[in-house]
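Remarks on the overall topology
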Amino acid sequence: MEGSFVLIFRTRLLAAALVTAAVAAACGSGESSGVDATASPCAPGVTDDEVNVGILYPDTGVLSAQFTGYRFGVEARFAEANATGGVGGRQVSTIWRDDRFDAAGNLQAARDLLRENVFAVLEYTAHSEQSTPFLHDKGIPVVGIGDQAAWADNDNMFPLAYQVDDTDATSTLGDFVRAQGGTRAAIITTAITESAVMYAQNARRSLEAAGIPIVFADTDASSAGSSPEAVARIVGSGADTLISLASPDLYTGAVTAAAAANRPFKVALSPITYDTQLLNTPTARALVGTYSTVGFSAIERNLPAHRAYLAAMTTYAPEIQPPTQLSSIYGYITADLFLRGLQAQQGCPTRESYISGLHGLTHYDAGGLLNGPVNLAAGQRTVDLCTDFVRVAATGSAFEPVGAKPLCGRVIGGDAQGAGGSAPTGRQ
């Protein structure tokens, strides 16, 4: 009996030792970090030699073509990092899910990624509203492009670009339009996403703060399409400025009709026409001289950071053409920001330590790719003050930057009215 008891005791002791060793190996406790692995177990998706990251974006669905390059930009930046040893000896791997440009699909894709044991989620969509509370409740780090006000309100979310907000706007657009001679504006946009609605609201406030009245507004322009009647209403409004987040055909039709009526717009601007696939087409030639806003430093400025980006895309994502797509650049910057957070970790990363580390990043500019430094400290993220502007060149074959550098404005608070709007300290 005594021999049997000793055997059972030794067997249980050996099993406990094996479990302890397995936990230590999974958490990378072999690293000389000085961190007690039992006190700080590593997160799901992290092993001794790998960090698994989820990519969430619309690969299919309405307007999905505008997001096509995102995954390739992310994967190119990670491949670039992996080629030099990864981060802390860990390679970064990815798994992606399609939210189908749909709110319900966004939540389903987020759930699927967590079932795949991802450490964090990199996101670029127009429908993050469904997955936001779910990912926040799970404590998942989310890095990407802010399309909802919630990106500034949730401490697990880190927008590298945050251009629309439900409280604050910026004077940047109005300052630009006024500098180009605009005096009376028409705004057309679609109500298909919350971010589009906020864009129209913020554009109105920015223009009015610059002393530019809105003489025509259609915030559900998608229902009118590009009919002659819709175009006639825009041109007949007497506006010399057109701000559009509506369909490209309606925007192009209005620009063309205004020119034909010998009343060309002094300023015509649409953020969705900054698309290199548009160049050398009849549409581009119709839009010569029109403007686009860019949420990062326009690649046409050909800075060292732009050349480094193009070299990475040529090496690691040659299949995405052209590599200058807005979505692929956003993907590359998103991955770079994620890596910065990973580099701040000591030993085995947890989701909590990762979130805390990114909040310590107060001056991030993606090596010069962003229009201005981003402060990710908790409670300090405000709507982006700096925007780059480009216009379609006279040949219709290129975009050309406007001005020597991106234009930076000031915050217009939610209570600001007209030209008297002041700049509060921002979201706290």
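Residues numbered from 1 in each chain as written. Predicted model: local features only at pLDDT ≥ 70, side-chain atom pairs only at ≥ 80, totals over all residues. Heavy atoms only, no water.

So, about helix H11 (residues 304–316). For H11, spanning 13 residues, the distance from its first C-alpha to its last is 18 Å, which sits close to the expected 18 Å at 1.5 Å a residue. Of all the positions in H11, only Ala 305, His 306, Tyr 309, Ala 312 and Met 313 are classed as buried. Buried residues in H11, looked at end-on, bunch into an arc of 125°, giving them a common side. Exposed and oriented more than 90 degrees from the buried face of H11 are Pro 304, Thr 314 and Thr 315. Of the surrounding secondary structure, the elements contacted by the buried residues of H11 are helix H2 (70–82) and helix H12 (326–343). (Helix = DSSP H or I, 4+ residues; strand = E, 2+ residues; numbered from the N terminus. Expected span 1.5 Å × (residues − 1). Buried < 20%, exposed > 50% of the residue type's maximum accessible area, 1.4 Å probe, protein only. Arc of directions from axis to C-beta. Contact = heavy atoms within 4.5 Å.)

For the rest of this paragraph, the subject is the confidence of the model for the protein chain. Summary statistics for the protein chain give a mean pLDDT of 86 and a share of 86% for residues scoring 70 or more. Every residue in residues 1–40 scores below 50 in pLDDT, and together they form 24 contacts with partners more than four places removed in sequence or on other chains. Long-range and interchain partners of residues 415–428, a stretch whose pLDDT sits below 50, account for 36 contacts in this model, where long-range means more than four residues apart. (pLDDT = per-residue confidence, 0-100.)

A separate point is the sheet that holds strand E1 (residues 50–57). The strands that make up a sheet pair up through hydrogen bonds in the backbone, lying either parallel or antiparallel. In space, the five strands of this open sheet follow the order E2-E1-E3-E4-E5, with parallel pairing throughout. The open sheet has two edge strands, strand E2 (91–98) and strand E5 (157–162), and neither has a second partner. Direction aside, neighbouring strands of the sheet carry axes that sit 25° apart on average. Note: E1 against strand E3 (residues 120–123), four bridges, orientation parallel. Within E3, the residue paired with Gly 54 across the bridge is Val 121. Helix H3 (residues 103–115) contacts E1, E2 and E3 of the sheet and is inclined by roughly 145° relative to E2. (Pairing = 2+ DSSP bridges. Axes fitted to C-alpha atoms, helices over the stretch in contact; angles between N-to-C directions.)

One pass over the structure, following the stated rule, counts 15 aromatic pairs. Ring geometry for Phe 296 and Tyr 330: centres 5.1 Å apart, planes at 90°, overall edge-to-face. Taken together, the positions of Phe 296 in the loop between strand E11 (291–294) and H11 and Tyr 330 in helix H12 put the pair 34 residues apart, joining distant regions of the chain. Accessibility classification places Phe 296 together with Tyr 330 in one group, the buried group. When the centroid spacing of 5.1 Å and the interplanar angle of 85° are considered together, the rings of Tyr 309 and Tyr 332 count as edge-to-face. Here Tyr 309, found in helix H11, pairs with Tyr 332, found in helix H12; they are 23 residues apart in sequence, far enough to count as distant. Just as Tyr 309 is buried, Tyr 332 falls in that class too. What links up through ring pairs into an aromatic cluster is the set Tyr 57, Phe 67, Tyr 70, Trp 96, Phe 101, Tyr 124, Phe 296 and Tyr 330. Stacked on the ring of Phe 72, the Lys or Arg Arg 71 has its end atom at 4.8 Å from the ring centre. (Phe/Tyr/Trp six-rings, centres within 6.5 Å; stacked < 30°, edge-to-face > 60°. Lys NZ or Arg CZ within 6 Å of the ring centre and 35° of its normal.)

What follows deals with the state of the cysteines. Inspection of the entire model under this criterion finds one disulfide. Across the disulfide, Cys 386 is cross-linked to Cys 408 (sulfur-sulfur distance 1.9 Å). Looking down the S-S bond of the Cys 386 and Cys 408 bridge, the torsion is 105°, so its handedness is right-handed. Separated by 22 residues along the polypeptide, Cys 386 in strand E12 (residues 386–392) and Cys 408 in strand E14 (residues 407–408) bring together distant segments of the chain. Summary of cysteine pairing: Cys 348 is not part of a disulfide, and the nearest cysteine sulfur, belonging to Cys 42, is at 3.2 Å. For Cys 348, a relative accessible area of 10% gives the class buried. (Disulfide = S-S within 2.5 Å.)

On the surface, a cluster of nonpolar side chains totalling about 240 Å² of accessible area is made up of Val 62, Leu 63 and Ile 192. By the element assignment, Ile 192 lies in the loop between strand E7 (185–189) and helix H7 (194–209). The exposure class assigned to Ile 192 is partly exposed, which follows from its relative accessible area of 38%. (Patch = residues over 30% accessible without salt bridge, like charges linked within 9 Å, V, L, I, M, F, W, Y side chains within 5 Å. Areas by Shrake-Rupley, 256 points an atom, 1.4 Å probe, with all protein chains shown as cover. Salt bridge = Lys/Arg side-chain N within 4 Å of Asp/Glu carboxyl O.)

Next up on the list: the pairing of E5. A large share of E5 lies buried, amounting to six of its six residues. When strand E4 (residues 142–146) meets E5, the two strands line up parallel, connected through five bridges. Residue Val 142 lies in a different strand from E5, and its bridge partner there is Met 157.

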